[in-house]
Amino acid sequence: MEERHAEKYLVLGLNIAFYRKRNGLTQEVLAELAGISRTHLSNIEAKKVDKSLSLDVLFRISDALGVSASELFEMR
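Residues numbered from 1 in each chain as written. Predicted model: local features only at pLDDT ≥ 70, side-chain atom pairs only at ≥ 80, totals over all residues. Heavy atoms only, no water.

**Q** Describe helix 4 (residues 55-65), listing the residues and the values that go with them.
**A** Those residues of helix 4 lying buried are V57, L58, I61, S62 and L65. Projected down its long axis, helix 4 carries its buried residues within an arc of 130°, all on one side. Seen from the open side of helix 4, the exposed residues pointing more than 90 degrees away from its buried face are L55 and D63. Where helix 4 is buried, its residues meet helix 1 (6-22), helix 2 (27-34) and helix 3 (38-45). Positive phi shows up at G66, right after helix 4, with a value of about 75°. (Buried < 20%, exposed > 50% of the residue type's maximum accessible area, 1.4 Å probe, protein only. Helix = DSSP H or I, 4+ residues; strand = E, 2+ residues; numbered from the N terminus. Arc of directions from axis to C-beta. Contact = heavy atoms within 4.5 Å.)

Quick look at the structure:
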């Protein structure tokens, strides 16, 4: 991950966690719905972990959460 994109990854992770909790999902359940490991999802949501994810994973997470991928990048 490039340092110049660190804030975008932070916002993405926080928003995924927000929508996951709003939908009453655990990390384990969302990970299963998105077809990824719980550890990978945990790393995506973590504030201080260098992470990356493919667009495919991003789209699967947004589909599972019922929001658009672009909503996951919006500052709250």
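**Q** Explain the side chain of N15 residue by residue, including any values.
**A** By secondary structure assignment, the location of N15 is in helix 1. Excluding residues within four positions of it along the chain, N15 makes contact with E71, L72, F73, E74 and R76.

**Q** Requested: an account of the packing of aromatic side chains, with residues and values cited.
**A** The final tally for this structure, using the stated rule, is one aromatic pair. Considering the side-chain rings of F18 and Y19, the 5.1 Å spacing of their centres and the 75° angle between planes classify their relative orientation as edge-to-face. Residue class for F18 comes out partly exposed when judged on its relative accessible area of 38%. (Phe/Tyr/Trp six-rings, centres within 6.5 Å; stacked < 30°, edge-to-face > 60°.)

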